[in-house]
Amino acid sequence: MRCSQNLQLAGMQRGSSAYRILLAKRGRCPVISALAILPNNAPISLHTICQPPAFRLHSAMTISSLAVLGAGQMGGGIAQIAAVSGINVTVFDAFPGAIAKCQGVHKKSLSKFVEKAKMTQAEADAALARIKFTDKLEALAGADWVVEAVVEDVKVKKDLFTKLAAIFPSDNVVLATNTSSISITDIATAAGSTAHRVVGMHFFNPVPLMQLVEVIPAVQTSKDVTERTIALATKMGKTPLIANDRAGFISNRVLMPMINEAFYAWMEGVAEPQAIDGIMKLGCNFPMGPLRLADFIGLDTCVHIMNVLAEGLNNDRYRACPLLKQLVTAGRLGDKTGRGVYEYPAK
């Protein structure tokens, strides 16, 4: 809903014919729906109707420093958008070469935004200056907020959250995980008595371009932490939407079975990959076909998420297609290995 339309409605007398016409035009907009049920003489605050409730309750302006664990595609992307939004970031990664690679990605990504006039060179330089790197976990101490973006392995994540709870003893520091499918409730148990400050903050790849952040409260997560997470995602220029803590949340619970079914269609000879992807792109208006998307995500990641869905939802219908698993066994993981469903010549 545009603020100009808010102004237009707010300037009208509720109950008037003009008001009802604009109301009908806006359809199911939740903001206008809320206006519709107010008494005719109730005052309207333009600030109130233009801002989401959680943003009004909690200002993310108090978050001035962010710790990101993992300098890969996701961690690096999260660090970049945080820095662009004015937050000082420290990125941790102990894997050899990871930091240098991440620094290169940041420079290349921000330069593209400058080339496309999405930001000035001065703004890009300022964002880069806000990002620091370390290979020592303890060096993250003092940050206002933590986002973990390491490998999708529940044991690794739980071990890490036990350490984070000790490094960040303050209840004010939220410990967020970027997991795309693992139970937030399970991860939160590793934080012991401070499990209430653990939350899922699932960004999407590529982070600088994708608008959504799935916010997933664990059973233990406090309402305050959930609201603060929504506010921070908004400050970082994203659209936060809440999903309950079930395996795969919403995005992967819907997306991954579709990708898996595309592999079954290929395996059973229904069509070849190019036709499967072409049909879904041209017939369903997908920007990328499911098999091409699987390569982009990583076939090993797809198998892992399907396994998480099968175990978490206690249903074998989520098991990975045999052909998908076979490609992973053969080392054909998609873009990152140069071959998956399709082949990708070295640049």
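Draft legend 1. Molecular detail of the overall build of the protein chain. Tallying secondary structure elements over the protein chain gives 16 helices and eight strands in all. Counting every position in the protein chain, which comprises 347 residues, the buried fraction comes to 45%. When contacts within the protein chain are restricted to residue pairs at least 6 apart in sequence, long-range pairs at least 24 apart make up 68% of them. Total accessible area on the protein chain stands at roughly 17700 Å², and carbon and sulfur atoms take up 57% of it.

Draft legend 2. The side chain of Thr-221, seen in detail. Here Thr-221 lies in the loop between strand E7 (212-217) and helix H11 (223-235). Reaching out from Thr-221, the side chain makes a polar contact with the backbone oxygen of Val-198 at a distance of 2.5 Å. Here Ala-218 takes part through its backbone nitrogen, which lies 2.7 Å from a polar atom of the side chain of Thr-221. The residues touching Thr-221, leaving out its near neighbours within four places in the chain, are Ala-195, His-196, Val-198, Val-199 and Thr-226.

Draft legend 3. Here's a closer look at the side chain of Glu-148. Note on placement: Glu-148 falls in strand E4 (residues 145-148). When its relative accessible area of 0% is taken as the criterion, Glu-148 is described as buried. Within the local environment of Glu-148, its side chain forms a polar contact with the backbone nitrogen of Val-150, the two atoms lying 2.8 Å apart. The residues contacting Glu-148, other than those within four sequence positions of it, are Leu-69, Lys-157, Leu-160, Phe-161, Ala-176, Thr-177 and Asn-178.

Draft legend 4. Spatial organisation of the sheet that holds strand E8 (residues 239-242). Strand order in the open sheet formed by eight strands is E3-E2-E1-E4-E5-E6-E7-E8, and the pairing between neighbours is mixed. At either end of the open sheet lies a strand with only one pairing partner, and these are strand E3 (131-134) and E8. The average undirected angle you get between the axes of adjacent strands in this sheet is 25 degrees. As judged from the five bridges shared by strand E1 (residues 65-69) and strand E2 (residues 88-92), these two strands associate in the parallel manner. Directly across from Leu-69, in E2, lies its bridge partner Phe-92.

Draft legend 5. Seen up close, the nonpolar core. Residues Leu-66, Ile-78, Val-89, Trp-145, Met-201, Phe-203 and Met-236 are the most contacted members of the largest nonpolar core, which totals 37 residues. Of all hydrophobic cores here, the second largest spans 28 residues; its members include Ile-259, Ala-271, Leu-299 and Cys-302.

Draft legend 6. A look at the environment of Thr-90. The residue Thr-90 is located in strand E2 in this model. On the accessibility criterion, Thr-90 (22% relative accessible area) is partly exposed. Sequence separation between Thr-90 and Ser-65 is 25 residues; the distance between their C-alpha atoms is 7.9 Å. Among residues more than four places away in sequence, those in contact with Thr-90 are Leu-66, Ala-67, Val-68, Lys-132, Thr-134 and Leu-140.

Draft legend 7. Fine view of the pattern of salt bridges. In total, this model carries eleven salt bridges according to the counting rule given. Residues Lys-155 and Asp-159 are paired through a salt bridge, measuring 3.1 Å at the closest nitrogen-oxygen approach. With a gap of four residues between them, Lys-155 and Asp-159 both fall in helix H9 (residues 154-167), about one helical turn apart. Note that Lys-158 is salt-bridged to Asp-186, the shortest N-O span being 2.8 Å. One end of the pair, Lys-158, is in helix H9; the other, Asp-186, is in helix H10 (residues 184-188), with 28 residues separating them in the sequence.

Draft legend 8. Layout of the pairing of E4. Burial of the side chains of E4 extends over both faces: Trp-145 and Val-147 are buried on one face and Val-146 and Glu-148 on the other. When E4 meets strand E5 (residues 174-177), the two strands line up parallel, connected through four bridges. Across the sheet, the residue bridging to Trp-145 is Val-174, located in E5. Regarding topology, H9 serves as the crossover connection from E4 to the parallel E5, and that connection is right-handed.

Draft legend 9. View of the packing of helix H12 (residues 251-267) against helix H15 (residues 299-312). At a minimum axis separation of 10 Å, H12 and H15 run at an interaxial angle of 115 degrees. Handedness of the H12/H15 crossing: left-handed. Taking contact as the criterion, the partners of Asn-252, Arg-253, Met-256, Pro-257, Asn-260 and Phe-263 in H12 are, on H15, Leu-299, Cys-302, Ile-305, Met-306 and Leu-309. For the contact of H12 with H15, the class distribution of residues is eight nonpolar, two polar and one charged.

Draft legend 10. Quick peek at the environment of Leu-209. Here Leu-209 is to be found in the loop between strand E6 (198-203) and E7. The class of Leu-209 is exposed, set by a relative accessible area of 60%. Between the alpha carbons of Leu-209 and Gly-77 there is a distance of 9.3 Å; along the sequence they are 132 residues apart. Leave out the neighbours within four places in its chain, and Leu-209 touches Phe-113 and Lys-238.

Draft legend 11. Layout of helix H7 (residues 98-115). The first and last C-alpha atoms of H7 sit 26 Å apart over 18 residues, in line with the 26 Å expected at 1.5 Å per residue. If you check which residues of H7 are buried, you get Ala-98, Ile-99, Cys-102, His-106, Ser-109, Leu-110 and Phe-113. Buried positions in H7, seen along its axis, are confined to an arc of 95 degrees and lie on one side of it. Looking at H7, the residues exposed on the side facing more than 90 degrees away from the buried face are Ala-100, Lys-101, Lys-107, Lys-108 and Glu-115. Of the residues trailing H7, Ala-117 is marked for its positive phi of about 60 degrees.

Cut-off values and rules
- Residues numbered from 1 in each chain as written.
- Predicted model: local features only at pLDDT ≥ 70, side-chain atom pairs only at ≥ 80, totals over all residues.
- Heavy atoms only, no water.
- Helix = DSSP H or I, 4+ residues; strand = E, 2+ residues; numbered from the N terminus.
- Buried < 20%, exposed > 50% of the residue type's maximum accessible area, 1.4 Å probe, protein only.
- Contact = heavy atoms within 4.5 Å.
- Areas by Shrake-Rupley, 256 points an atom, 1.4 Å probe, with all protein chains shown as cover.
- Polar contact = N/O pair within 3.5 Å; in protein donor to acceptor, adjacent residues only side chain to side chain.
- Pairing = 2+ DSSP bridges.
- Axes fitted to C-alpha atoms, helices over the stretch in contact; angles between N-to-C directions.
- Core = buried A, V, L, I, M, F, W, Y, C linked by side-chain atoms within 4.5 Å.
- Salt bridge = Lys/Arg side-chain N within 4 Å of Asp/Glu carboxyl O.
- Right-handed = clockwise from strand over helix to strand, strands pointing away.
- Left-handed = near helix turned anticlockwise from the far one by under 90°.
- Nonpolar A, V, L, I, M, F, W, Y, C, P; charged D, E, K, R; others polar.
- Expected span 1.5 Å × (residues − 1).
- Arc of directions from axis to C-beta.

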